[in-house]
Protein chains: 2
Amino acid sequence: MAVIMRNFVVLCAFILGCKAAEVPQQCNPSGPSSPHGNAVNSGRQNVHLGPDGYVSGSIWPKPQQHTVGEETFSLSPDTFKFTSTGEASDVLTAAMARYRGLTFPDMIHSNVLRFRRDLSALTSLEITVKEKYAPMTFESDESYALAVSAPASSLTANTVWGALRGLETFSQLVYQDEHDNYLAREGKITDFPRFHYRGFLIDTSRHFIDVSVILRHIDALAYAKYNILHWHIVDDQSFPFVSKTFPSLSNVGAYNNVTHIYDIDDVATVIEYGRMRGIRVVPEFDTPGHTQSWVSIKDLLTPCYSGGKPTGTYGPINPTLNSTYTFLKSFFGEIGTRFLDDYIHLGGDEVSFSCWESNPNVLAWMDKMGFGKNFSLLEQYYEQKLIDIVGGLKKKYIIWQEVIDNQVTVNPDTVVNVWKGGWQNEMAKVTAKNLNVVLSSPWYLNYISYGNDWPKYYSVEPTAFNGTSAQKKLVLGGTTCMWGEWVDGTNLLPRSWPRSLAISERLWSSINTTDVADAQGRLREHRCRYLMRGIPAQNGVQSKYCRYEWTL
Amino acid sequence: MAVIMRNFVVLCAFILGCKAAEVPQQCNPSGPSSPHGNAVNSGRQNVHLGPDGYVSGSIWPKPQQHTVGEETFSLSPDTFKFTSTGEASDVLTAAMARYRGLTFPDMIHSNVLRFRRDLSALTSLEITVKEKYAPMTFESDESYALAVSAPASSLTANTVWGALRGLETFSQLVYQDEHDNYLAREGKITDFPRFHYRGFLIDTSRHFIDVSVILRHIDALAYAKYNILHWHIVDDQSFPFVSKTFPSLSNVGAYNNVTHIYDIDDVATVIEYGRMRGIRVVPEFDTPGHTQSWVSIKDLLTPCYSGGKPTGTYGPINPTLNSTYTFLKSFFGEIGTRFLDDYIHLGGDEVSFSCWESNPNVLAWMDKMGFGKNFSLLEQYYEQKLIDIVGGLKKKYIIWQEVIDNQVTVNPDTVVNVWKGGWQNEMAKVTAKNLNVVLSSPWYLNYISYGNDWPKYYSVEPTAFNGTSAQKKLVLGGTTCMWGEWVDGTNLLPRSWPRSLAISERLWSSINTTDVADAQGRLREHRCRYLMRGIPAQNGVQSKYCRYEWTL
């Protein structure tokens, strides 16, 4: 009865043509007096306007090609089938089960209200994966083709990773009308990511983040078609990572070495959870700076001096001792086996030279090496040895831009992560050296401000710098950064979502996908999906309301 | 074994005097390499430093008087008794049960580790309430006296509301040491609020907030010794309040009149939940502006004109029609019975005159009344009639400052809520008219910025304006505002807490409680308590970590 009344009010407003006192001023599809689900009957298409007047079933990030057909099909959650032919894998099997819930979020309502049986029913999604399962890498093909037709729709992908992206798209295409019917528009989608590197940095050193929150965040990344969790796992502030080889690192370096740690199982859990969702976990072990919490390793950090005496404080890792490299070889050897991804982020940012400069032993060693007082040479020496060690593990590596800025010679396959201001010049400089780049500078979401900030992130074009087309091709993608100075498990999710969706579309969709008004409508709908899916995505998109609001 | 090892590391650091490579640079009680619970053995006091080096068992907001004794007592959660003599009430009975859990948050650990049986045990808190139960009002006495001694501690209060505040203090005094023992320092506390009006505004019109979130927020208010939930329940954007008398208000005005509403039970639930915790619920029904969502009431809003014709848009409530006052009398009659508190907030802010000015019928009426084109007189006419109506309900009222700014003559017992910039001048002006004031201007927490913003709110002194001591006495307190343009159930809690704790101490504690460093230590501990108590208070206090971090 209540539902009938609601619809009566809505229809009234539209039948009356928004005259009189019924729905004045706000009389538009997004007006505050309109209950959700404004049904606009425009012929057989049954176009359905969502909470903020956008056609529901919109897709985020926007596919490369999407042809929308004339028909609208009904779907029944009770009988709908996800089937698969071609190469099977544990990833696909789990994803098919997961996406049943994500495609049909409120099973409760589905049996109660059903008014549109006349629409030809869409009864199955047939998934075909062409290639055998292989772990996701930077080179993985994430493309897919989706044909929404009745009675059977089809999803075709070369890899299971493309199938995951297509399942996400399909789950977004299906929407509910004002009677809670499930519907999908006829259409054909051909889709692939513009950039292969679509990362999101979390920082678990400034503040510890419980694994339960990290897993929820990985879900959120998958819903946005991100594909990398850049796990800035340790830093000066704390060392929560439990090393098998060097347990003292977390025993001394963690905020609490019983509760505030990621033990072997925790790390494996995060990696496996990511794998199942097409999210590569790329760890960052930042050296030689940002290593105060590594202090338990004897002689690793440089003792700082003042007036000819050690001050009792320590600087960056000491590059002058052989013991340093013995340790690094052993430590990164463990990292290489614990983290399955091809890539390791080696940091290299913000190395202060003052402590090295204060230390007479370092100076004497540099003199012997003929470095004089050129500390960039010392840093270069360190980085070169580190890169050789990690290269020997058959891992590729990513570094922060300073390694290049400080004239360190790096291997040609190095990926440079640009994070400082003036990024356009830096991108030009780095790509001129024929090095790959990943952009982060304009995407520091830890910086917050009042109001609607997503268009600022959305408007960034990572290839908008002076350079040849060959240089532009060296832009692998970008990494959204949520540094942890003011972020922990209490606010990671609402602060990251939906703001970081802006960047996920920039990194996935065509270079021409720049229409903020179009994006806003789709963002609102997708943000509401996040709430339904258990992610407390805050209202950063001027959305009035969602079908389901956040509850505790 | 793990626990032993952890303590071993901590004690090592202190025994070694922080020398050598064990704990360099960060070697201070708040250093990142120190596991939590640094035990400093300074004689028999067993002073316990919390996560950030602060003595645990600190109290927020700071009591008016607190004498700390020499002894530290152990408490056993299994056998500890909360007893009451004197006047009983449902409020006290429920609070005693609630505060058992809040005082002893991790019962699991309590039976496992117990190393300090030698400390004389504190076995009970005896609560005495002198006066018979009476509903909480602005005049209620919230003072209490707490003597922490062994074996029995005592809490004495004139009213149950004072007892609630004392229970909150007692629950904070009890802390856990590094072995998870419960301890409390001997001491005597005499406490009372500096200001009786300590409000927190939530806005459920810009965005709907589910009742479950509001209830959790009320818990959070009680933990901070706030005493008023200012419920800005409706506004232009939506009308979620379900009126028995005028159901069309929410039927037309709610975002969704089935799901995005506060029905009769919801409102009663919020009020009762607040009552049990000493939180008065003061609703705001803002008129004559901010009423676009009231549109379903025939002829209530003023039709705007352009070029001699109605534009189809509407302005503020139409003060010129008798039907307006008939409606208001009936509507506020219902509000007066639905909300139990003595006070109603009547709004009155941001009344635009342009629509009134455009309407020929309004102009003709004003002419007849001799108002000419003085729209302040029209507003005054409206406010006077509204105030008379609400006064007839035996309710007191609060209004936003514009009602005074626009020269409306108000009754002497009016409370003026100052919210605009230049608040010092406004406070001087309003109190010069011998009117009571409540301050909000510097406490708009919906405005966010990067970093540590609580000291800004903490540094505000509400009586720091030019005026006599009689004028200063008219400052009843303040209201923290969390307007809802960018806030809903996803972020209300982390955005409000711990930032608004700064204001709760300003409003409760002595005028001399201004030491930011002292406050920071206590804030950190209290913020960690919020996490334990299920409130996702974000890390806005530069706290490194908490005993328990947020999990999902």
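Just so you know, these numbers come straight off a predicted model, no measurement behind them. Positions within a chain are numbered from 1, following the residues in the order the chain's sequence is written. Ligands are numbered from 1 and chains lettered from A, in the order in which they are written. Given that the model is predicted, a residue must reach a pLDDT of at least 70 before its local features are reported, and side-chain atom pairs must reach 80 or more before they are shown or counted; all residues, however, enter totals for whole chains, interfaces and linings. Where side-chain values are given, they derive from all heavy atoms of the structure, hydrogens and water being excluded.

## Brief notes about the side chain of N436 of chain A
Consideration 1: Helix and strand labels come from DSSP, where a helix needs a run of H or I of at least four residues and a strand needs a run of E of at least two; each type is numbered from the N terminus. Position of N436 of chain A among the secondary structure elements: in strand β19 (residues 436-439).
Consideration 2: Its relative accessible area of 19% is what places N436 of chain A among the buried residues. Only protein chains enter the calculation, and the probe is 1.4 Å; a residue is then buried if its accessible area is under 20% of its type maximum, exposed if over 50%, and partly exposed in between.

## What about the pairing of strand β1 (residues 65-75) of chain B?
Along a regular strand, successive side chains alternate from one face of the sheet to the other.
All names here are of chain B.
Consideration 1: The sheet contact formed by β1 and strand β8 (residues 182-191) spans 8 bridges and is antiparallel. Residue V68 lies in a different strand from β8, and its bridge partner there is G187.
Consideration 2: For two strands to be treated as a pair, DSSP must find at least two bridges joining them. Two elements, β1 and strand β3 (residues 121-122), share 2 bridges in a ladder whose sense is parallel. Looking at the pairing, L75 lines up with L122 of β3.

## Examining the state of the cysteines
Residues and elements named next belong to chain B.
Consideration 1: Our working definition of a disulfide is a cysteine sulfur pair at a distance within 2.5 Å. On inspection of all chains with the given rule, the structure shows 4 disulfides over all chains.
Consideration 2: Here C304 is linked by a disulfide to C355, with a sulfur-sulfur distance of 2.2 Å. Measuring handedness by torsion sign, the sulfur bridge of C304 and C355 sits at about -110 degrees and is left-handed. Of the two residues, C304 is situated in strand β12 (residues 301-306) and C355 in helix α9 (residues 354-358); the sequence distance between them amounts to 51 residues.
Consideration 3: On the basis of relative accessibility, which here comes to 5%, the residue C355 falls in the buried class.
Consideration 4: Residue pairing for C528: its cysteine sulfur links by disulfide to C546, the two sulfurs lying 2.1 Å apart.

## Some thoughts on the domain arrangement of chain A
Residue and element names in this part refer to chain A.
Consideration 1: Domain annotation of chain A identifies domain 1 (65-191) and domain 2 (197-518).
Consideration 2: Start and end points for every domain follow an automatic or database-based domain assignment. A C-alpha centroid distance of 36 Å is found between domain 1 and domain 2.
Consideration 3: With 20 residues of domain 1 in contact, the opposing surface of domain 2 contributes 18 residues.
Consideration 4: What counts as buried area is the accessible surface, traced by a 1.4 Å probe, that two parts surrender upon association, with contributions from both included. Where domain 1 abuts domain 2, roughly 1,600 Å² becomes buried across the two surfaces, and 51% of that area is made up of carbon and sulfur atoms.
Consideration 5: What makes a salt bridge here is a side-chain nitrogen of Lys or Arg within 4 Å of a carboxyl oxygen of Asp or Glu, nothing more. In this structure, the connection of domain 1 to domain 2 is made through 3 salt bridges.
Consideration 6: The partner of R198 in a salt bridge is E142, and the shortest N-O contact between them spans 2.8 Å.
Consideration 7: By the criterion applied in these results, polar contacts are pairs of N or O atoms within 3.5 Å in which, for protein atoms, one can donate a hydrogen and the other can accept it, and in which residues neighboring in sequence qualify only through two side-chain atoms. On inspection of domain 1 and its partner domain 2, the count reaches 9 residue pairs in polar contact (both at pLDDT 80 or more).
Consideration 8: Looking at the side of domain 1 that touches domain 2, the elements that each hand over two or more residues are α2 (90-103) and α4 (160-173).
Consideration 9: Residue polarity follows a fixed list, in which Ala, Val, Leu, Ile, Met, Phe, Trp, Tyr, Cys and Pro are nonpolar, Asp, Glu, Lys and Arg are charged, and the others, Gly among them, are polar. Tallied by class, the residues present in the side of domain 1 that touches domain 2 amount to 10 nonpolar, 3 polar and 7 charged. Contact definition: two residues touch when any of their heavy atoms are within 4.5 Å.

## Some thoughts on helix α8 (residues 322-338) of chain B
Residues and elements named next belong to chain B.
Consideration 1: Compared with an ideal rise of 1.5 Å per residue, which puts 17 residues at 24 Å, α8 spans 25 Å between its outermost C-alpha atoms and is within 8% of the ideal.
Consideration 2: All of the buried residues along α8 are T324, Y325, F327, L328, F331, F332, E334, I335, G336 and R338.
Consideration 3: Against α6 (248-253), α7 (264-276), β11 (280-284), β13 (309-317), β14 (343-345) and α11 (375-391) lie the buried residues of α8. Here, expected helix span is obtained from the residue count minus one, scaled by 1.5 Å.

## A short note on helix α5 (residues 211-223) of chain B
Consideration 1: Under the 1.5 Å per step criterion, the end-to-end length of α5 of chain B is 19 Å for 13 residues, consistent within 8% with the ideal 18 Å.
Consideration 2: Listed in full, the buried residues belonging to α5 of chain B are V211, V213, I214, L215, H217, I218, D219, A220, L221, A222 and Y223 of chain B.

## Side note on unusual backbone geometry
Consideration 1: Residue P498 of chain A is bonded to the preceding W497 of chain A through a cis peptide linkage, with omega at 5 degrees.
Consideration 2: With respect to the secondary-structure elements, P498 of chain A resides in the loop between α16 (492-496) and α17 (501-508).
Consideration 3: Omega for the peptide link from W60 of chain B to P61 of chain B comes to -5 degrees, which places this bond in the cis form.
Consideration 4: You can see P61 of chain B is positioned in the loop between α1 (2-15) and β1.
Consideration 5: In the Ramachandran plot, Q407 of chain A falls in the positive-phi region, its phi being about 70 degrees despite a non-glycine side chain.
Consideration 6: With respect to the helices and strands, Q407 of chain A occurs in the loop between α12 (402-405) and β18 (415-418).

## Remarks on the environment of T204 of chain B
Residue and element names in this part refer to chain B.
Consideration 1: Summarising the element assignment, T204 is placed in the loop between β9 (197-203) and α5.
Consideration 2: Remark: the alpha-carbon pair of T204 and I233, spanning 29 residues in sequence, is separated by 5.1 Å.
Consideration 3: With sequence-adjacent residues up to four places away left out, T204 is seen in contact with I209, I214, W231, H232, I233, S238, P240 and Y262.

## Topic: the environment of T313 of chain A
Residues and elements named next belong to chain A.
Consideration 1: You can see T313 is positioned in strand β15 (residues 309-317).
Consideration 2: Along the primary structure T313 and C355 are separated by 42 residues, whereas in three dimensions their C-alpha atoms are 9.0 Å apart.
Consideration 3: In this structure the side chain of T313 is engaged in a polar contact, spanning 2.6 Å, whose partner is the side chain of T311.

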